Amino acid sequence: MLVTRIALTDAGGTCFEDLDIELHEGGEIGRLSKPLPATSVIFRENDASYDYDWHNAPQRQFIVMLDGELEVEVTSGEKRRFRGGDILLVEDTTGTGHRSRNIGGPRRSLFIPVPEE
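The residue numbers shown here count from 1 along each chain, following its written sequence. Local features in this predicted model are restricted to residues of pLDDT 70 or higher, and side-chain atom pairs are both shown and tallied only at a pLDDT of 80 or more, whereas totals for entire chains, interfaces and linings draw on every residue. To obtain the side-chain values, all non-hydrogen atoms of the structure were used and water was disregarded.

Of regular secondary structure, the protein possesses zero helices and 12 strands. Counting from the N terminus, the helices are DSSP H or I runs at least four residues long and the strands are E runs at least two residues long. Beginning at the N terminus, the succession of helices and strands in the protein can be written as β-β-β-β-β-β-β-β-β-β-β-β. Here the C-alpha radius of gyration of the protein, 15 Å, is about what a compact globule of 117 residues would show, namely 13 Å. If one aligns the C-alpha atoms of the protein with their principal axes, the spans along those axes are about 45 × 35 × 25 Å. Here the globule rule reads 2.2 Å times residues to the power 0.38, and the radius of gyration is calculated from C-alpha atoms.

Have a look at this one:
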């Protein structure tokens, strides 16, 4: 299962990395990853006008997009768009951070904080 990671570079900037979460056959219930530790679940809704300038993630967390569309920019200038069903792992809790803005409407997502590695 594809997860896009927003990682911290050695220079204190940010970059995108594509991670593949390995899934194993779980029989009738489908394919499953190994259990990952999480501390809580946060439900979030943003207005269509959401446009957040450079900022850090408040904590290491997965963001699961439920609906809407989000554009994220990292310090290299690369931009990627994420929609319902996409998953991000944000780890840039220090450094320059990233920019994010909604595209075309409101957005709903889940934040799942995870312990530092």
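Here the narrative resumes, following the displayed structure.
Two orientations exist for strands paired in a sheet by backbone hydrogen bonds: parallel and antiparallel. Note on pairing: two strands pair once DSSP finds at least 2 bridges between them. Taken together, four strands build an open sheet; the order of strands is E6-E11-E8-E9 and the sheet is antiparallel. Every interior strand has two partners, whereas the edge strands, strand E6 (51–55) and strand E9 (79–83), have only one. Shown here is a sheet whose adjacent strand axes are inclined to one another by a mean of 15 degrees, direction ignored. Bridging between E6 and strand E11 (residues 98–102) involves three bridges; their strand directions are antiparallel. Counterpart to tyrosine 52 in the pairing with E11 is serine 100. Throughout, an axis means a line fitted to C-alpha atoms (over the contacting stretch in the case of helices), and angles, computed between N-to-C directions, take values from 0 to 180 degrees.

A side-chain nitrogen of Lys or Arg and a carboxyl oxygen of Asp or Glu constitute a salt bridge if their distance falls within 4 Å. Considering all chains together, one arrives at 12 salt bridges under this definition. A salt bridge links arginine 99 to glutamate 73; the nearest nitrogen and oxygen atoms lie 3.5 Å apart. Placement of the pair is arginine 99 in strand E11 and glutamate 73 in strand E8 (residues 69–73), with a sequence separation of 26 residues. Residue classification places arginine 99 among the partly exposed residues on the basis of a relative accessible area of 34%. The buried label applies to any residue whose accessible area, calculated with a 1.4 Å probe on protein chains only, is under 20% of its type's maximum; exposed applies above 50%, and partly exposed to all values in between.

So, to be careful, I would describe these as geometric facts and stop short of saying anything about function.
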